[in-house]
Amino acid sequence: MTLEEERLLLRVTNLTKYYDLIIGCRNISFDLYRGEVLGIVGESGSGKSTLLNCISARMEPSAGMVEYDTRAEGLKDLFQLSEAERRMLMRTDWGFVHQNPCDGLRMGVSAGANIGERLMAVGARVYGDIRESASAWLTRVEFDTDRMDHLPRTFSGGMQQRVQIARNLVTEPRLVFMDEPTGGLDVSVQARLLDLLRKLVDDLGLSAIIVTHDLTVARMLSHRLIVMRGGEVVESGLTDQVLDDPQHPYSQLLVSSILQA
């Protein structure tokens, strides 16, 4: 096995999703390696969220394959796994950070309990240990632990997002999916959250796939970039390379729109 094969974490091959006759995404292929962050950018309706949902097994593709390097059996087709096996991946080896934290949190239980629930889903049972882990992770995401027993609805959007991040990372996943993780937040809150995400990704050696329309987010967090339009990849490459010297007219338009803003 080559070094590249040893580092492979996720392989997407000719992934296609149709909604009746409408193209969600078509013929998309790429590899993701351990410790690598891949950004997926494009305007609304470009297919980036459809692609993310198929890759994360939240939606079944019409064609193509998504293979993941499972801890027990190596590279496996996600859609050949049982539903129970996929659920276990989602609870342990994967995280999913939603744009709207309400979609990734249980709003009727406390911040600490949101994190504790994920630990309990993988077998943790000692209350003191669960609470200690929850407190440690809230501290790590720069959340005031004096409020760990408060309900998420009492928090600001930025605080809710920090709790959602802690909930996802407490089981030490190898791969995290992020759907517009700073969308809808004030600019100053976005900047602090981006700094936090970048630090966590670096410190933990996480692999991540990030969907965003914000090229600043893509530049700060991703190593490689995919540009989508009309459900297809129009350009891909190293993030700085794509953003500093875009080759496709659509990529050039995206970059120039930011420069003119």
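Above this note sits the structure.
A quick note: this is a predicted structure, and the numbers were derived from the prediction, not measured.

Sorry, what's going on with the packing of helix 6 (residues 157-169) against helix 7 (residues 187-204) here?
When two helices pack together, their arrangement is given by the angle between their axes and by how far apart the axes lie. Close contact between helix 6 and helix 7 brings their axes to 11 Å; oriented N to C, the two are set at 10°. By the angle class used here, helix 6 and helix 7 are roughly parallel. Here helix 6 and helix 7 pass one another in a crossing that is right-handed. Within the contact between the two elements, helix 6 uses Gly158, Gln161, Arg162, Ile165 and Leu169 and helix 7 uses Val189, Arg192, Leu193, Leu196, Leu197, Leu200 and Leu204. Taken together, the residues of the contact of helix 6 with helix 7 break down into 8 nonpolar, 2 polar and 2 charged.

Help me understand the pattern of salt bridges, please; the structure alone is not making it clear to me.
Pairs can form between side chains of opposite charge whenever their charged atoms are close. Enumeration according to the criterion identifies 16 salt bridges in this entry. Between Glu117 and Arg106 there is a salt bridge, and its shortest N-O distance comes to 2.3 Å. Linking Glu117 in helix 4 (residues 111-121) with Arg106 in the loop between strand 6 (94-97) and helix 4, this pair joins segments that are 11 residues apart in sequence. Exposure remark for Glu117: the relative accessible area of 25% places this residue in the partly exposed category. The class of Arg106 is partly exposed, set by a relative accessible area of 45%. Across the pair Glu117 and Arg167 runs a salt bridge whose closest N-O atoms are separated by 3.5 Å. Taken together, the residues span a long stretch of sequence, with Glu117 in helix 4 and Arg167 in helix 6 at a distance of 50 residues. A relative accessible area of 18% places Arg167 in the buried class. Taken together, the shared-partner salt bridges in this structure form one network comprising Arg71, Asp93 and Arg174.

Explain the side chain of Arg167 to me, please; I cannot follow it from the model alone.
Among the polar contacts made by the side chain of Arg167, one reaches the main-chain carbonyl oxygen of Asn114 at a distance of 2.7 Å. Apart from residues no more than four positions distant in its own chain, Arg167 is found in contact with Gly104, Leu105, Asn114, Ile115, Glu117 and Arg118.

Even after reading the chapter, I still don't get the packing of aromatic side chains, so can you show me in this structure?
Following the criterion strictly, the structure yields 4 aromatic pairs and no others. On the basis of an interplanar angle of 35° and a centroid distance of 6.2 Å, the ring pair of Phe96 and Phe177 is categorised as tilted. Pair noted here: Phe96 is in strand 6 and Phe177 is in strand 7 (residues 175-179), with a separation of 81 residues, a long-range link. Using a relative accessible area of 1% as the deciding quantity, one classes Phe177 as buried. Look at Phe143 and Phe155: their rings are 5.1 Å apart centre to centre, the planes differ by 75°, and that puts the pair in the edge-to-face class. One end of the pair, Phe143, is in the loop between helix 5 (127-140) and helix 6; the other, Phe155, is in the loop between helix 5 and helix 6, with 12 residues separating them in the sequence. Here Phe143 and Phe155 have matching classes, each one buried.

Just to check I follow, could you spell out the nonpolar core for this structure?
In summary, soluble globular proteins display a tendency toward joint burial of nonpolar side chains. The biggest cluster of nonpolar side chains holds 34 residues, and the ones touching the most others in it are Val141 and Ile165. When residues of this core are traced back to their parent elements, those giving at least two are helix 4, helix 5, helix 6, strand 7, helix 7, strand 8 (207-212) and helix 8 (215-221). The element that contributes the greatest number of residues to this core is helix 7, accounting for 7 residues. Excluding residues that lie within four positions of it along the chain, Val141 makes contacts with Arg162, Ile165, Ala166, Leu196 and Leu200. Among the nonpolar cores identified, the runner-up in size contains 29 residues, and Val12, Leu78, Leu81 and Met228 belong to it.

Would you take a moment to explain the sheet that holds strand 2 (residues 22-33) for this structure?
Note on sheets: strands pair through backbone hydrogen bonds, and any given pair is parallel or antiparallel. The antiparallel open sheet is built from 4 strands, whose spatial order is 2-1-4-5. With partners counted over all chains shown, the strands left at the sheet margins are strand 2 and strand 5 (74-77), one partner each. The mean angle between the axes of side-by-side strands here comes to 20°, regardless of whether they run parallel or antiparallel. Relative to strand 4 (residues 63-70), strand 1 (residues 8-19) is paired through 5 bridges, and the arrangement is antiparallel. Across the sheet, the residue bridging to Leu10 is Tyr68, located in strand 4.

The rules we used
Residues numbered from 1 in each chain as written. Predicted model: local features only at pLDDT ≥ 70, side-chain atom pairs only at ≥ 80, totals over all residues. Heavy atoms only, no water. Axes fitted to C-alpha atoms, helices over the stretch in contact; angles between N-to-C directions. Helix = DSSP H or I, 4+ residues; strand = E, 2+ residues; numbered from the N terminus. Parallel < 35°, antiparallel > 145°, perpendicular 65-115°, else oblique. Left-handed = near helix turned anticlockwise from the far one by under 90°. Contact = heavy atoms within 4.5 Å. Nonpolar A, V, L, I, M, F, W, Y, C, P; charged D, E, K, R; others polar. Salt bridge = Lys/Arg side-chain N within 4 Å of Asp/Glu carboxyl O. Buried < 20%, exposed > 50% of the residue type's maximum accessible area, 1.4 Å probe, protein only. Polar contact = N/O pair within 3.5 Å; in protein donor to acceptor, adjacent residues only side chain to side chain. Phe/Tyr/Trp six-rings, centres within 6.5 Å; stacked < 30°, edge-to-face > 60°. Core = buried A, V, L, I, M, F, W, Y, C linked by side-chain atoms within 4.5 Å. Pairing = 2+ DSSP bridges.

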